[in-house]
Amino acid sequence: MSPFFRVIGIEASPYAVKVRSVFRYRRLPHVWVGRMPQFFAETANVRPQIMPVVQYPDGEYHTDSTPIILDLERLFPGERSVVPADEGQAFLAALIEDFADEWLVKALFHYRFDRPVDQRAGAMWVMDDAHPNAENEQLEALTTEFVDRQVSRKAFVGCTPENAPVFEALYREVLAVMEGFVATDRFLFGSRPSLADFGIASQLHTLSADPTSAAIMRETAPRTLHWIKRMHDCSGVEGEWLSPREPLLNAAQALLAMAGRWYLPFLRANAAAVQERAKMVVVDLDGHDYQQLPFRYQAQCYGRLISLYADLSDAARTTIDPALEEAGCLAFLRG
Ligand SMILES: N[C@@H](CCC(=O)N[C@@H](CS)C(=O)NCC(=O)O)C(=O)O
């Protein structure tokens, strides 16, 4: 048994940064392992091949940020949990986290691989961190290769020119909401951070670095940029959850409304397309004719949200249903 967890990832990965921020906030013994070449062989057989990979003290390797964070809740329950104590709020935080991980990430992918200036900058960051011993010429070749690979994957995740206005509107709206929020409130469910805060901050961390999205953030949401930096290390934060009797913060409500307007309609249409083995997901998203290839993983995300909602107690549902209804989420969660 090792005395600590090993978080293996790179700064350019929102999910790696998210998991690291949770470890830091929770004050759990861990080391950050920039995924350098000497670790390639070690993680070569870990499936799926995504970042981050976390090696637990028992030596096992795990991927997928949400299950890892929930494992930590089981292994180290109670103090400094990132899941709100109130059942209803815990569900809302999970929904916002999922929205960040699976939908806001499309804005990231869009900005990173749309314009040539961003393609190069983003890809070079990833490749430089992943191959820190590469000479300039080799880095150049790796960057080109990675750009080609990621650009060829754009259609798989819906980042087509036709859908670009959806992701640009999404990004600007998230920034507008966060900029109002960080001026007065630090976290979405109280004076301590939850899964939802870590999910949003980590996607925005990457968007804050790529040239085009960074310029938009600097111009329209400078305080959000500072908040993102603070979110990297909340190890000193001591706080309380919002009382379930208090109304939700406007920012949490606004993020739920974005999930209701864009993300949940997409999830439902995608799940149906996966089930019917349809060739395309075609869905009206707030007046936009949205089309993308069906995505199996996100059908599972929808199934998970529906079962989390179904498992809530009647009392919890009674408390949060008005907020979900106002946000346009409820109909999608009832299956
Ligand atoms: N749902 C996963 C997503 C992780 C993920 O997609 N990571 C990206 C990097 S940000 C990755 O490793 N992608 C591998 C690839 O694109 O081939 C999580 O929450 O950890």
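Draft legend 1. Examining the nonpolar core more closely. Trp103 and Leu204 are the most contacted members of the largest nonpolar core, which totals 106 residues. If sequence neighbours within four positions are ignored, leucine 204 has contacts with Leu104, Tyr171, Val174, Leu175, Met178, Met217, Thr224 and Ile228. Judged by nonpolar contacts, the second largest core, of five residues, contains Ile8, Phe39, Val46 and Val53.

Draft legend 2. Seen up close, the pairing of strand E1 (residues 5–9). In terms of residue burial, E1 counts as a mostly covered element, since five of its five residues are buried. Looking at chain direction, E1 and strand E2 (residues 30–34) are connected through five bridges and run parallel. Residue phenylalanine 5 lies in a different strand from E2, and its bridge partner there is histidine 30. After leaving E1, the chain enters helix H1 (residues 14–26) and then returns to the sheet as E2, a path that is right-handed.

Draft legend 3. Local environment of the domain arrangement of the chain. Segmenting the chain into domains produces domain 1 (5–75) and domain 2 (87–112 + 159–333). Distance between the C-alpha centres of domain 1 and domain 2: 22 Å. Interface area for domain 1 against domain 2, summed over the two sides, is near 1700 Å², with a carbon-plus-sulfur share of 51%. Viewed at the interface, domain 2 and domain 1 are joined by three salt bridges. In this structure, lysine 18 and aspartate 101 form a salt bridge, with 2.7 Å as the shortest nitrogen-oxygen distance.

Draft legend 4. Just the site of the ligand, in detail. Around the ligand sit Ser13, Pro14, Tyr15, Gln49, Ile50, Met51, Asp64, Ser65, Arg149, Arg153 and Tyr297, and that is every residue in its neighbourhood. Side-chain polar atom of arginine 149 to an oxygen atom of the ligand: 3.3 Å apart, as the coordinates give it. Within the contact set of the ligand, an oxygen atom lies 2.8 Å away from a side-chain nitrogen or oxygen of arginine 153. Coverage of the ligand by the protein amounts to 76% of the 510 Å² it exposes when considered alone. Of the residues belonging to the shell around the ligand, the class tally is five nonpolar, three polar and three charged.

Draft legend 5. Inspection of the packing of aromatic side chains at higher detail. Taken as a whole and assessed by the stated rule, the structure comprises 16 aromatic pairs. Ring geometry for tryptophan 103 and phenylalanine 167: centres 5.6 Å apart, planes at 65°, overall edge-to-face. Remark: phenylalanine 167 occurs in helix H7 (residues 164–182) and tryptophan 103 occurs in helix H4 (residues 87–114); sequence separation between them is 64 residues. Plain terms: the ring middles of tryptophan 103 and tyrosine 263 are 6.1 Å apart, the flat faces sit at 40° to each other, and that makes the pair tilted. Placement of tryptophan 103 in helix H4 and of tyrosine 263 in helix H11 (residues 250–275) is noted, with a sequence separation of 160 residues between them. Given the relative accessible area of 0%, tryptophan 103 is considered buried. Residue class for tyrosine 263 comes out buried when judged on its relative accessible area of 0%. In textbook terms, an aromatic cluster arises when at least three aromatic residues are bridged by ring pairs, as seen for Phe99, Trp103, Phe167, Tyr263, Phe266 and Tyr290. Positioned above the aromatic ring of tryptophan 32 is the side chain of arginine 20, whose terminal nitrogen or guanidinium carbon lies 4.2 Å from the ring centre. Here the guanidinium or amino end of arginine 80 rests over the ring plane of tyrosine 25, the centre of that ring lying 4.3 Å away.

Draft legend 6. Spotlight on the environment of glutamate 79. Structurally, glutamate 79 can be placed in the loop between helix H3 (65–75) and H4. According to the relative accessible area criterion, glutamate 79 is exposed, its value standing at 68%. For the pair formed by glutamate 79 and arginine 26, sequence separation is 53 residues and the distance between their alpha carbons is 8.1 Å.

Draft legend 7. Quick peek at the environment of glycine 190. Mapped onto the elements, glycine 190 comes out in the loop between H7 and helix H8 (195–207). Take glycine 190: its relative accessible area is 16%, and that puts it in the buried class. C-alpha of glycine 190 to C-alpha of asparagine 133: the two residues are 57 residues apart in sequence and 43 Å apart in space. When near neighbours in sequence (up to four residues on either side) are disregarded, glycine 190 contacts Glu240, Trp241 and Leu242.

Draft legend 8. How the structure looks around helix H6 (residues 136–152). Under the 1.5 Å per step criterion, the end-to-end length of H6 is 24 Å for 17 residues, consistent within 8% with the ideal 24 Å. Along H6, the positions that sit buried rather than exposed are Leu139, Leu142, Thr143, Phe146, Val147 and Gln150. Burial along H6 is one-sided: seen end-on, the buried residues are contained in an arc of 140°. Of the residues in H6, the exposed ones pointing more than 90 degrees away from the buried face are Glu137 and Glu145. The elements touched by buried residues of H6 are H4 and helix H5 (116–130).

Draft legend 9. Focus on the side chain of threonine 63. Along the chain, threonine 63 falls in strand E4 (residues 61–63). The class for threonine 63 is buried, based on a relative accessible area of 14%. For threonine 63, the residues in contact, after removing those within four places along its chain, are Val46, Arg47, Pro48, Ile50, Pro52, Val53 and Ile68.

Rules of the game
Residues numbered from 1 in each chain as written. Predicted model: local features only at pLDDT ≥ 70, side-chain atom pairs only at ≥ 80, totals over all residues. Heavy atoms only, no water. Core = buried A, V, L, I, M, F, W, Y, C linked by side-chain atoms within 4.5 Å. Buried < 20%, exposed > 50% of the residue type's maximum accessible area, 1.4 Å probe, protein only. Contact = heavy atoms within 4.5 Å. Helix = DSSP H or I, 4+ residues; strand = E, 2+ residues; numbered from the N terminus. Pairing = 2+ DSSP bridges. Right-handed = clockwise from strand over helix to strand, strands pointing away. Domains from an automatic or database assignment. Buried area = accessible area lost by both parts, 1.4 Å probe. Salt bridge = Lys/Arg side-chain N within 4 Å of Asp/Glu carboxyl O. Near = heavy atom within 4 Å. Polar contact = N/O pair within 3.5 Å; in protein donor to acceptor, adjacent residues only side chain to side chain. Areas by Shrake-Rupley, 256 points an atom, 1.4 Å probe, with all protein chains shown as cover. Nonpolar A, V, L, I, M, F, W, Y, C, P; charged D, E, K, R; others polar. Phe/Tyr/Trp six-rings, centres within 6.5 Å; stacked < 30°, edge-to-face > 60°. Lys NZ or Arg CZ within 6 Å of the ring centre and 35° of its normal. Expected span 1.5 Å × (residues − 1). Arc of directions from axis to C-beta.

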